[in-house]
Amino acid sequence: MKQRRDQIFYMCKVNNNFIIDATFRGNDCRFFNHSCRPNCRLENWQVNGKTRLGVFSLQGIRVGEPLTYNYRYMRDSISLALCIPFFRDVHSH
Ligand SMILES: C[S@@+](CC[C@H](N)C(=O)[O-])C[C@H]1O[C@@H](n2cnc3c(N)ncnc32)[C@H](O)[C@@H]1O
């Protein structure tokens, strides 16, 4: 993927041993964008020994408003991932 220089990245790192790759297939969660001031949060649960991810809203969300959570890591922009204050308003949706 790095070699193809894909601009849109659909990887979600659950932990050091588990990465979900939704590049070619996935549910609607693959379309959540990053924000330093997100309207949702991602939770990692262990249910009957299996890892489950859940996305929960943090506030009321209007129809048409982009759904976001804090990726904490993004391949293509360290500043966006770390939510450095100077860049925060520039990059956040
Ligand atoms: C999991 S996808 C999110 C859905 C994607 N926006 C789409 O239209 O399919 C992650 C990619 O979306 C883009 N993206 C996500 N959040 C962004 C943001 N706050 N600002 C700019 N691009 C963002 C980046 O290209 C990133 O690699």
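Structural notes, computed from the coordinates. (Residues numbered from 1 in each chain as written. Predicted model: local features only at pLDDT ≥ 70, side-chain atom pairs only at ≥ 80, totals over all residues. Heavy atoms only, no water.)

### Comments concerning a nonpolar patch on the surface
A contiguous nonpolar patch, built from Phe 18, Ile 20, Leu 42 and Leu 53 and spanning about 270 Å² of accessible area, is present on the exposed surface. Overall, Leu 53 belongs to the partly exposed group, its relative accessible area being 34%. (Patch = residues over 30% accessible without salt bridge, like charges linked within 9 Å, V, L, I, M, F, W, Y side chains within 5 Å. Areas by Shrake-Rupley, 256 points an atom, 1.4 Å probe, with all protein chains shown as cover. Salt bridge = Lys/Arg side-chain N within 4 Å of Asp/Glu carboxyl O. Buried < 20%, exposed > 50% of the residue type's maximum accessible area, 1.4 Å probe, protein only.)

### Examining the environment of Arg 25
Along the chain, Arg 25 falls in the loop between strand 2 (18-21) and strand 3 (33-34). As a C-alpha pair, Arg 25 and Tyr 10 span 15 residues in sequence and 9.5 Å in three-dimensional space. (Helix = DSSP H or I, 4+ residues; strand = E, 2+ residues; numbered from the N terminus.)

### Focus: the packing of aromatic side chains
Per the counting criterion, the structure on display carries four aromatic pairs. Seen from their ring centres, Phe 32 and Tyr 69 are 6.1 Å apart, and the 45° between their planes marks the pair as tilted. Of this pair, Phe 32 sits in the loop between strand 2 and strand 3 while Tyr 69 sits in strand 6 (residues 68-69), placing them 37 residues apart in sequence. Residue classification places Tyr 69 among the buried positions, given a relative accessible area of 11%. Where Tyr 69 meets Tyr 71, the ring centres are 5.2 Å apart and the plane angle is 50°; that geometry is what we call tilted. (Phe/Tyr/Trp six-rings, centres within 6.5 Å; stacked < 30°, edge-to-face > 60°.)

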